[in-house]
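Now for the letters of each chain:
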Amino acid sequence: MAEKKVTKKDAAQKTAKKDAGIAPNMAKEEKKPRIGVFICHCGTNIAGSMSITDVQEYAKTLGDVAFADNYQYMCSTPGQKKIEDAIKEHNLTGIVVAACSPRLHEPTFRTATKEGGLNPFRFEMANIREQNSWVHMHDSEGATSKAKDAIRIAVAKAALLQDLIPKSVPVEPTAMVVGAGVAGMQAALDLAAAGIKTYLIEQEPSIGGRMSQLDKTFPTLDCSQCILTPKMVDVGRSKNIELMTYSNVDSVEGYIGNFDVTIRKKARGVLTPDEAEARGFVGGGCNGCGDCDAVCPVIKPNNFEVGMKPRKAIYINHPQVVPLIYTIDFESCVKCGLCVTACGDKKAIDLEMQDELIKVKVGTAILATGYDIFPIEKKEEWGYKKYENVISSLEFERLICASGPTGGHLVRPSDGVTPKKIAFLLCAGSRDNTGVGKPYCSRFCCMYSLKHAHQIIEKIPGAQPYLFYMDIRSFGKMYEEFYYRIQDEGAKFIRGRVANILEDPETKNLKVYADDTLLDRPMELEVDLVVLASAVEPAADTNRTRKLFGVSCSMDGWLLEAHPKLNPCGTTTAGVFLAGVCQGPKDIPDTVASAEGAASAASIPIHMGEVELEPYFAMCIEDKCAGCGMCVKLCPYSALDLIEKDGRTVMQVTEAKCKGCGTCGGFCPGGAIWMQHFTTPQIVAQIDAFLVGGEQ
Amino acid sequence: MSDEWKPKILGMVCNWCSYAGADLAGSARTQYPPDIRIVRVMCTGRLDMLFVLKAFADGADGVLVSGCHFGDCHYLEGNYKAAKRMFMVKSLLKNIGLEDKRFRMTFVSASEGVKWAKVVEDVVNVVKSYGPNPIAGFAANK
């Protein structure tokens, strides 16, 4: 194995000059490594669980280590200065910092390494916090020994590190936002205002998302439509936003700065005025007159109204839709052609329309795919979908909304009578560890339930809301004050979870059985209507979309940010950002703030004009390549090709396509593929350092 | 130093899922035994079968390879390819006189800190139940 190591390294040095990713001086004869080791106390985070002195003394005994030091906080300015100074003073060739995770501070210390005059890739991190002191808090001996090993392993790699030069690639000056709820719209508007052409993709026929279904918003009681519709109009009007409704993302290829996205524009069967003009019908296309709607014979439930209002097979969700273009639900359409006749000269309807695939190139993308309501019927004890007068909070929103199915008159579904006694069940499916519901807090249900209580008191004389709660979480600006206000208005709060609900078959009233945990006694309450503040879950298509963009998710399915505190809008895929509830439950203010953050983050690479890619490319050691082509088939990015060179077949890497996974290098039977920064000699040296290099 | 035998376990994990999952176990202070040493690669697809065999020949008492869940690979399908290779390694181990359960491939996502701790604990227990690597001396004598 030792032999193999030498040959590979030599061979790589021979070819190094030709390669853009490796700095020219690498090909110079390598000096004996002189590694500097810096051990971070991280306050007591690390120092509290192991002996820093022992670790440092041990580091000094390692063959390639020329200098070892420690500091309270290596990431601070004085800590970084130590690295810079030591490089110059001790003529170091490589740096090892034993501290937190490289996923947190590798960029920080690479910068310090560079400031000290070394190539930034001459740096290796030993993770002695997240993967040591924090997980072996009561085993100082074990932690100290593990830290020594980690440093020995890191030093072994650092001794073999090479100068690498990141590759700069130009950034396509366009962005994409997936999902046009309030988060997606805000992100697109911000990007557009910053002068960036933005594709806004929405799978529904119109934009606005969940917020457009709401009546009022807490705690200000602004009318949701009043604050949302101007934004919807702005989106429709913005010259920099290319709105694509009734569309979804079909495939994504490429990397930051250069994503090739294919968008599936679903057949909506209706032409916009622009599309009509393109087909030669000048002055034609849908103008939203609704003549088709009037004649369509097919009746279906309107999902926007949570199924409480009918729509036709050709429909708009509500009169204020943006864009004001009808859509045919082809699954229900019987193709009778009555709409075509009614549309007449506008020639807006095409019953044979097919899905269209549109390719666009974007520099950055924001996912704002939102949420769905947890199917609360799974909590059988509350009788949703079994008892008519048990409704979800979203149904309540539509029933209390002036533009809803009842014109804003709250009525019981069973008999159309105005309810007087109404029970609200908070945490319906949230904070639920039974395995049926969701373990997390859905974050906005407390507040909208308070709002619902207020709306009932305001609209229905003599009405009495009862709120069954676990804790009222009114954490936002002016939220706690809103809670007091609703208490003063006469809403009754009962602390306890509802065990079950039974319906009186005659009156269709509901008997709510709960435990009042403040009075420590069981209670029974008969009410006219029950509203379930259902938990929320990631929107149905989230999983498919995230995989297209290579974004991870948490165990609950919410999309995972790069770092919850330091990079809350970013993801592990460079150039892809998150906005709104797709990341986890957020109320409207937080959603809009996160969207503005994501828009700002997504605009940075575009304004910079180019980005640096980590130079972890594969390269072929041509002397060893047998031209078998196994790697070409393995590469998921088609970055490898076989070429004829000097009368032989060898593999060639297209660096722009290579993402550095190393799948080719892991397989190559001849050891002919060199993965920069994760070379075979480096990995073997790490394994050796651990197993044969340590204290025996 | 206590005299209790401490197994040497090598963990080779991918940067995006399992390394991040192990970091999460740390942030959450989920405790597990300190008998594993980690080598980070960008993707488990990078792992040559020889790395695992080399580790055993060098005297590792156990080897853990951990990547993303299928369908979650940052590089689309590196973990599938790694799994195929590691499956071969597993069948080979039996034939060279090693308990194949000393080697394990798992899938731990960036959000599964608790799972990571559980996996390490399991691996340590299994390896401890087998005792020291019987072929460790073989490499030393060569």
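Residues numbered from 1 in each chain as written. Chains lettered and ligands numbered in written order. Predicted model: local features only at pLDDT ≥ 70, side-chain atom pairs only at ≥ 80, totals over all residues. Heavy atoms only, no water.

## Examining the overall build of chain A
Then comes step 1: Scanning chain A from N- to C-terminus turns up 19 helices and 34 strands.
Then comes step 2: Based on the C-alpha atoms only, the size of chain A along its principal axes is roughly 90 × 75 × 40 Å.
Then comes step 3: Taken across its 696 residues, chain A has 58% of its residues classed as buried.
Then comes step 4: Taking contacts inside chain A between residues at least 6 apart in sequence as the whole, the part at least 24 apart equals 70%.
Then comes step 5: Carbon and sulfur atoms form 52% of the exposed surface of chain A, whose accessible area is close to 28400 Å².
Then comes step 6: In chain A, which carries 78 positive and 86 negative side-chain charges, the distance between the mean positions of the two groups comes to 3 Å. (Helix = DSSP H or I, 4+ residues; strand = E, 2+ residues; numbered from the N terminus. Buried < 20%, exposed > 50% of the residue type's maximum accessible area, 1.4 Å probe, protein only. Contact = heavy atoms within 4.5 Å. Areas by Shrake-Rupley, 256 points an atom, 1.4 Å probe, with all protein chains shown as cover. Lys, Arg positive; Asp, Glu negative; His and termini not counted. Charge placed at Lys NZ, Arg CZ, Asp CG, Glu CD.)

## Quick look at the overall build of chain B
Then comes step 1: Of regular secondary structure, chain B possesses five helices and four strands.
Then comes step 2: Along chain B, from the amino end to the carboxyl end, the secondary structure elements read β-α-β-α-β-α-β-α-α.
Then comes step 3: Against the compact-globule benchmark of 14 Å for 142 residues, chain B has a radius of gyration of 15 Å, which places it among compact chains.
Then comes step 4: For chain B, the spread of C-alpha atoms along the principal axes amounts to about 40 × 35 × 20 Å.
Then comes step 5: Counting across all 142 residues of chain B, residues that qualify as buried make up 62%.
Then comes step 6: When contacts within chain B are restricted to residue pairs at least 6 apart in sequence, those whose partners lie at least 24 apart make up 81%. (Rg over C-alpha atoms; globule rule 2.2 N^0.38 Å.)

## Focus: the sheet that holds strand 10 (residues 241–244) of chain A
Residues and elements named next belong to chain A.
Then comes step 1: Pairing is parallel across the open sheet formed by five strands, whose spatial order is 10-7-6-18-29. Strand pairing shows two members of the sheet lacking a second neighbour, strand 10 and strand 29 (576–578), which therefore form its edges. Here the average twist between neighbouring strands, direction ignored, is 20°.
Then comes step 2: Taken together, the four bridges between strand 6 (residues 174–178) and strand 18 (residues 364–367) define a ladder with parallel strand orientation. (Pairing = 2+ DSSP bridges. Axes fitted to C-alpha atoms, helices over the stretch in contact; angles between N-to-C directions.)

## Some remarks on the pattern of salt bridges
When charged atoms on two side chains of opposite charge get close, those side chains can pair.
Then comes step 1: A full pass over the atoms with the stated rule returns 47 salt bridges over all chains.
Then comes step 2: Salt-bridge contacts for Lys32(A) lead to Asp64(A); the nearest nitrogen and oxygen are separated by 3.4 Å. Residue Lys32(A) is located in the loop between helix 1 (2–16) and strand 1 (35–40), and its partner Asp64(A) is located in the loop between helix 2 (52–61) and strand 2 (65–71); the two are separated by 32 residues in the primary sequence.
Then comes step 3: Exposure remark for Lys32(A): the relative accessible area of 56% places this residue in the exposed category.
Then comes step 4: Residue classification places Asp64(A) among the partly exposed residues on the basis of a relative accessible area of 25%.
Then comes step 5: Lys54(B) is the partner of Asp688(A) in a salt bridge, and the nearest nitrogen-oxygen pair spans 2.9 Å. Of this pair, Asp688(A) sits in helix 19 (residues 680–691) while Lys54(B) sits in helix 2 (residues 49–57), each in a different chain.
Then comes step 6: If you follow the salt bridges from partner to partner, you end up with Glu106(A), Arg110(A), Glu614(A) and Arg40(B) in one network. (Salt bridge = Lys/Arg side-chain N within 4 Å of Asp/Glu carboxyl O.)

## Structural notes on the pairing of strand 3 (residues 94–99) of chain A
Residue and element names in this part refer to chain A.
Then comes step 1: Counted residue by residue, strand 3 has six buried out of six residues, so it is predominantly covered.
Then comes step 2: Every second residue of strand 3 is oriented toward a common face, with Gly94, Val96 and Ala98 on one face and Ile95, Val97 and Ala99 on the other, all of them buried.
Then comes step 3: Bridging between strand 1 and strand 3 involves five bridges; their strand directions are parallel. In the sheet register, Phe38 faces strand 3, and the bridge partner there is Val97.
Then comes step 4: Relative to strand 4 (residues 123–127), strand 3 runs parallel, the two sharing five bridges. What sits directly across from Val96, in strand 4, is Glu124.

## Side note on empty space enclosed by the protein
Then comes step 1: This structure, assessed with the given rule, holds nine cavities of 30 Å³ or more.
Then comes step 2: Approximately 250 Å³ is the volume attributed to the largest cavity.
Then comes step 3: Contributing to the lining of the largest cavity are 20 residues, with Met125(A), Ala126(A), Asn127(A), Tyr19(B) and Ile38(B) lying nearest its centre.
Then comes step 4: Taken together, the elements giving at least two residues each to the lining of the largest cavity come down to helix 4 (102–115), strand 4 and helix 6 (140–160) of chain A together with strand 2 (36–41) of chain B.
Then comes step 5: Its residues assigned to classes, the lining of the largest cavity comprises eleven nonpolar, three polar and six charged. (1 Å grid on protein atoms, 1.4 Å probe; cavity = no way out; pocket = protein on both sides within 12 Å on 5 of 7 lines; lining within 4 Å. Points joined across faces, edges and corners; volume = space filled by probe spheres on them. Nonpolar A, V, L, I, M, F, W, Y, C, P; charged D, E, K, R; others polar.)

## Topic: the side chain of Asp100(B)
All names here are of chain B.
Then comes step 1: The residue Asp100 is located in the loop between helix 3 (78–95) and strand 4 (103–107) in this model.
Then comes step 2: Accessibility expressed as a relative area gives 18% for Asp100, which makes it buried.
Then comes step 3: Not counting residues within four places of it along the chain, the set of residues in contact with Asp100 comprises Lys90, Leu93 and Lys94.

## Some details on the sheet that holds strand 3 (residues 62–67) of chain B
Residue and element names in this part refer to chain B.
Then comes step 1: The strand order across the open sheet formed by four strands is 2-1-3-4, and the pairing between neighbours is parallel. The outermost strands of the open sheet, each flanked by one partner alone, are strand 2 and strand 4. Strand-to-strand twist across the sheet, computed as the mean angle between neighbouring axes with direction ignored, equals 20°.
Then comes step 2: Alignment of strand 3 against strand 4, held across five bridges, turns out to be parallel. Note that in strand 4 the partner of Ser66 across the bridge is Thr106.
Then comes step 3: Against the sheet, helix 2 contacts strand 1 (9–14), strand 3 and strand 4, and its axis sits at roughly 155° relative to strand 3.

## Details of the confidence of the model for chain B
Then comes step 1: Here chain B shows a mean pLDDT of 92. Residues at 70 or above account for 94%.
Then comes step 2: At the level of chain-chain contacts, confidence expressed as ipTM amounts to 0.96, with global pTM at 0.87. (pLDDT = per-residue confidence, 0-100.)

## Quick notes on the domain arrangement of chain A
Then comes step 1: The assigned domain composition of chain A is domain 1 (8–166), domain 2 (174–367) and domain 3 (371–537).
Then comes step 2: Just the C-alpha atoms count here: the centres of domain 1 of chain A and domain 3 of chain A sit 57 Å apart. (Domains from an automatic or database assignment.)

## A short note on the packing of aromatic side chains
Between two aromatic rings, the relevant description is the distance of the centres plus the angle of the planes.
All names here are of chain A.
Then comes step 1: The full count for this structure, using the stated rule, is 15 aromatic pairs over all chains.
Then comes step 2: For the ring pair Phe475 and Tyr479, a centre distance of 6.0 Å and an interplane angle of 55° mean the geometry is tilted.
Then comes step 3: Using a relative accessible area of 4% as the deciding quantity, one classes Tyr479 as buried.
Then comes step 4: Residues Tyr483 and Phe493 carry aromatic rings whose centres are separated by 5.3 Å and whose planes lie at 70° to one another, so their mutual orientation is edge-to-face. Note that Tyr483 is positioned in helix 14 (residues 479–488) and Phe493 in strand 23 (residues 492–495), a separation of ten residues in sequence.
Then comes step 5: Taken together, Tyr469, Tyr483, Tyr484 and Phe493 form an aromatic cluster joined through their ring pairs. (Phe/Tyr/Trp six-rings, centres within 6.5 Å; stacked < 30°, edge-to-face > 60°.)

## Observations regarding the pairing of strand 26 (residues 521–527) of chain A
All names here are of chain A.
Then comes step 1: Note that strand 25 (residues 510–516) and strand 26 share seven bridges and pair antiparallel. Looking at the pairing, Tyr513 lines up with Glu524 of strand 26.
Then comes step 2: Here strand 25 hands over to strand 26 after four residues, with Asp520 in that stretch at a positive phi of 50°.

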